[in-house]
Structures are given as structure tokens and as C-alpha cells.
Amino acid sequence: MGSASKQTSPTGKQPKPGSKAAQQADRRARIAELRAVEQRRERRNKMLTIGISSVLVLAMIGGGTWLAMDAKDKSDKKKAAAAAAAEAAQKAKDDAAKAEIPGLQTFGKLTQNHVQTDVKYPQTPPVGGDHNPVWQTCMGNVYDKPVKNENAVHSLEHGAVWVTYNGKATAEDIKTLSDKVKATPYSLMSPYPDEQGTITLTAWSTQLVVDSATDPRVETFFAKYVQGPQTLEQGASCSSGQM
């Protein structure tokens, strides 16, 4: 569009400079030019917005993909670590099952009837035999008072290891054993003042006496006999019993 000076009136005549018609023509020209500038600005802004939006979308897609891959990678590593730990624990248990434990005593086949009366056991603490129908709760339970033989023997039938100690055990021994038992389902611990050995580890028909909680045979006994091959009722509950 030309300047107002070059525009003609509807009659074909150019308006006189400074006349009202010339002023109106100039205003129309300026308005048209401003509109053209605004339209160009709007197009640039629209293109810029589209470009930024596209970049953001691509960034979100890329970021989401990276997060998903990173989460999967972490999950895979966690699963692999858990599998490796489980494999190592199983290997340790298998190795322990094959290991000989010096000083270990075994007592052969024992009766396992449920009785409501007290039982006179030949071993102290008992290693098995007839027992109360209710087991002593043995999900890592540490008792500060003696428990009934008949209930504890039922726990042995379920595959528990029973840790007992007399007055010769030190405070350090008791803490070490307590921590071990609390971390081990299918085990229990209680004082047993009448036992001859300082610390006694008992599983069904199996027993080991040690002088200290730091004796390496303690770990081997736990690894071998917690739900070990001596268990008569594999998988039977050790919870919700006598407390």
C-alpha cells in the first residue's frame, strides 16, 4: 500500500495535502501498517510457542523414558542383589548342613505324643519326646523367665532352635544370643537355671553345649538346625502359641 499522498479519492483525484481527506488517508495507512506489524508479531509468537511446546514435549518424553529406564535399572539391580543374597544365604545353609559340629549330641528317634500332664524328660533341657499340644511361641522370642519344657519341646517339633543359659552366662553372652534369636524366626531363648552347661542349643533330638556366645559353633548350629533336617513338622507355625 502506498503513502497517502499517492492515494486517490473515489473520484480519481488526489486529495490536497493537509486536507481532511489526506489526513484520513494517512490514518488508514498507519492503521494498516500497524495491523501488518501486529500480524507479523503474532505469527512469530505463535511459531515460537509451537517451537517451545515441541521442545518441552520432547524433553518430557525423553525425561519420562529416562526415568522409566533408570527405575527399571534400579529395580533390576535390587532384584539381582536380593537374589545374590538369597543364594549366598542358601549356600551358607547348605554348607552348614554338611558341616560337622564338634561336641554335638544326637538322641535318635523320640516319641511325639500330645499330653496334658508334665513330662519327665531324660535330658536337661529336654531335646524332644511327648509334649503339650500348645507350642511355645518361637518367632525370635526372648523370654526373661523359664518356660515350660512341654511347650518348648513342641516348638522343637516345629523346627525351632531353643537357646537356654544358666547363671554362668555373662551379660555379653545373653545380649549376643538375644540379638541372634530376635533376628531369627523359628528360634526362642529362655533362662534354664538347672542346666549343667553355661549355654545350651537344642533342636529336636539334637543338642550342643558351649561356654560362650562367641563360640563359632553357635552360628553353625543355627544355620543347620533352624527348620533343619531334624524338623518333624516342616513349615508348622511358630507363632500364636504359648507366651
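Heads up: these notes are all about the structure in this document. (Residues numbered from 1 in each chain as written. Predicted model: local features only at pLDDT ≥ 70, side-chain atom pairs only at ≥ 80, totals over all residues. Heavy atoms only, no water.)

**Some points on helix α4 (residues 216-225)**
Buried within α4 we find V218, F221, F222, K224 and Y225. Just beyond α4, the residue with positive phi is Q227, at close to 55°. (Buried < 20%, exposed > 50% of the residue type's maximum accessible area, 1.4 Å probe, protein only. Helix = DSSP H or I, 4+ residues; strand = E, 2+ residues; numbered from the N terminus.)

**Remarks on the sheet that holds strand β5 (residues 199-203)**
Reading across from one edge, β1-β6-β5-β3-β4-β2 is the order of the 6 strands in this open sheet, with mixed pairing throughout. With partners counted over all chains shown, the strands left at the sheet margins are β1 (105-106) and β2 (139-142), one partner each. Two elements, strand β3 (residues 161-165) and strand β4 (residues 187-191), share 5 bridges in a ladder whose sense is parallel. Among the inter-strand pairings, V161 is bridged to a residue of β4, identified as S187. In this fold α4 packs onto β3, β4, β5 and β6 (206-210), with an angle of close to 165° to the strand it touches most, β6. (Pairing = 2+ DSSP bridges. Contact = heavy atoms within 4.5 Å. Axes fitted to C-alpha atoms, helices over the stretch in contact; angles between N-to-C directions.)

**What to know about the state of the cysteines**
Counting across every chain of the model gives 1 disulfide. Each sulfur of the disulfide joining C138 and C238 lies 1.6 Å from the other. Residues C138 and C238 are joined through a disulfide that is left-handed, its torsion about the S-S bond being -95°. Placement of C138 in the loop between β1 and β2 and of C238 in the segment after α4 is noted, with a sequence separation of 100 residues between them. The residues C138 and C238 share a single accessibility class, namely buried. (Disulfide = S-S within 2.5 Å.)

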